[in-house]
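Fold and contact review
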Amino acid sequence: MAKIMVTGGAGFIGSHLCEKLLNDGHRVICLDNLCTGTSENIAHLSNNKNFTYLQHDIIKPLTTKEEIDYLFHLASPASPVDYQRLPVETLLTGSSGTHNALELAKEKDATFLLASSSEVYGDPTIHPQPESYWGNVNPIGPRSCYDEAKRFAEALTMAYHRKHGLDVRIARIFNTYGPRMRKEDGRAIPNFITQALANEPITVYGDGSQTRSFCYISDMVDGICRAMFSNGAEGEVINLGNPDEVTIRELAEKVKKLINSDSEIAFKALPQDDPKRRCPDIFKAKEILNWEPKVDLDAGLNKTIK
Ligand code: UDP
């Protein structure tokens with residue numbers, strides 16, 4: 001049984017991660033300030049004797065008497081709607097929050113995993129994106145509060161690895177979906193499902209030719225755990241995502257069909273700096289973690305719709 005801390009543990013990915021770690025027999029301390037996470041996400045875990053919830057904003061330093069063997073640092077707003085509503089908080093979470101999490105990991109001699117993002121690639125000019133690609137980010141655009149926060153967090157994590165010898169791993173998480181995404185979080189899949197179920201227009205931004213590659217939550221949580229617990233991942237940055245690429249127009253049509261909805265497709269303005277294509281190169285995850293996604297888009301969407 002390992003002692004594990006998860007920052008952002010009441011969020012969408014965080015709560016599924018806490019659940020898996022508890023099911024695997026570990027002790028879990030879940031940290032969240034509930035700025036985008038919810039207590040409902042972890043309500044079903046609260047009676048587990050191995051689960052502790054701490055309401056804390058990781059922007060503020062954290063001390064605890066508890067031992068920590070592994071620290072998963074997931075805390076941050078992650079939906080474009082959320083991080084553009086909370087731009088300063090997002091930058092401070094990526095910078096001061098990551099600093100506080102790294103300091104705690106150093107003090108406890110814990111293995112540290114940073115949840116980074118495919119947004120570090122910005123609007124990529126290389127396709128699919130391997131980890132060796134340095135990205136194409138607008139440093140002052142509306143997405144910069146998130147993109148630069150994650151890029152800074154990656155740099156800080158590598159600085160702790162080089163300077164202090166801390167055992168770190170960086171997972172670059174691509175679009176992920178599944179149960180417990182908030183209906184109003186603004187992302188494509190929850191928006192489309194909610195709209196299709198209500199027979200309201202499905203809002204496709206731009207002409208819908210931009211692409212994404214969507215990974216189901218159980219696959220993602222499995223990948224994140226392997227990135228933390230595999231020996232070969234120390235000091236590595238690893239893409240985690242499903243390489244099955246779809247256009248947003250195709251996604252809208254698919255959701256409509258699976259729900260058997262009468263919704264029409266309504267085209268809206270494309271947000272500034274919206275990445276045109278995104279697809280992970282997962283060669284490294286296959287090699288180092290022996291991981292690749294198993295759940296296809298239709299199966300994952302059906303579970304999410306339910
Ligand atoms: N999108 C859309 N309609 C919506 C929400 C999002 O067409 O109601 C588009 C968005 O412009 C982007 C893609 O779907 O091109 C994925 O957006 P999301 O917010 O899910 O995540 P992102 O990959 O941008 O972080």
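Conventions adopted
- Residues numbered from 1 in each chain as written.
- Predicted model: local features only at pLDDT ≥ 70, side-chain atom pairs only at ≥ 80, totals over all residues.
- Heavy atoms only, no water.
- Helix = DSSP H or I, 4+ residues; strand = E, 2+ residues; numbered from the N terminus.
- Contact = heavy atoms within 4.5 Å.
- Pairing = 2+ DSSP bridges.
- Axes fitted to C-alpha atoms, helices over the stretch in contact; angles between N-to-C directions.
- Buried < 20%, exposed > 50% of the residue type's maximum accessible area, 1.4 Å probe, protein only.
- Near = heavy atom within 4 Å.
- Polar contact = N/O pair within 3.5 Å; in protein donor to acceptor, adjacent residues only side chain to side chain.
- Areas by Shrake-Rupley, 256 points an atom, 1.4 Å probe, with all protein chains shown as cover.
- Right-handed = clockwise from strand over helix to strand, strands pointing away.

**Remarks on the side chain of Asn100**
The residue Asn100 is located in helix α4 (residues 87-108) in this model. Those residues within four positions of Asn100 in sequence are excluded, and the remaining contacts are Ile58, Ile59, Lys60 and Pro61.

**Here's the deal with the sheet that holds strand β11 (residues 237-240)**
The seven strands are arranged β3-β2-β1-β4-β5-β6-β11 in an open sheet whose pairing can be described as parallel. Only two strands of the sheet have a single partner each, and these edge strands are β3 (51-55) and β11. For this sheet, the mean inter-axis angle between neighbouring strands, taken without regard to orientation, is 20°. Of the strand pairs in this sheet, strand β6 (residues 168-173) and β11 are connected by four bridges, and their pairing is parallel. Considered in β11, the bridge of Ile170 is made with Val237. The strands that helix α5 (residues 144-164) touches are β5 (111-117) and β6; relative to β5, the one it contacts most, it runs at about 155°.

**Let's talk about helix α6 (residues 188-197)**
With seven of 10 residues buried, α6 is to be regarded as a mostly interior element. Among the residues of α6, those classed as buried are Ile189, Pro190, Asn191, Phe192, Ile193, Gln195 and Ala196. On its buried face, α6 is in contact with β7 (176-177), β8 (202-205), α8 (248-259) and α10 (297-305). Following α6 by one or two positions, Asn199 adopts a phi angle in the positive range, close to 55°.

**Observations regarding the site of the ligand**
Lining the immediate environment of the ligand, one finds 18 residues, of which Asn191, Thr203, Tyr205, Arg212 and Asp274 sit closest. Ala188 places a main-chain nitrogen or oxygen 2.8 Å from an oxygen atom of the ligand. With the chains in place, 96% of the 510 Å² that the ligand exposes on its own is no longer accessible. Of all the elements in the fold, those that place two or more residues in the shell around the ligand are α6 and β8.

**Digging into the pairing of β6**
β6 sits mainly inside the fold: six of its six residues count as buried. The alternating pattern of β6 places Val168, Ile170 and Arg172 and Arg169, Ala171 and Ile173 on opposite faces, both of which are buried. Relative to β6, β5 runs parallel, the two sharing six bridges. When the sheet's bridge partners are listed, Ala115 is paired in β6 with Ala171. Running through α5, the crossover from β5 to the neighbouring parallel element β6 is right-handed.

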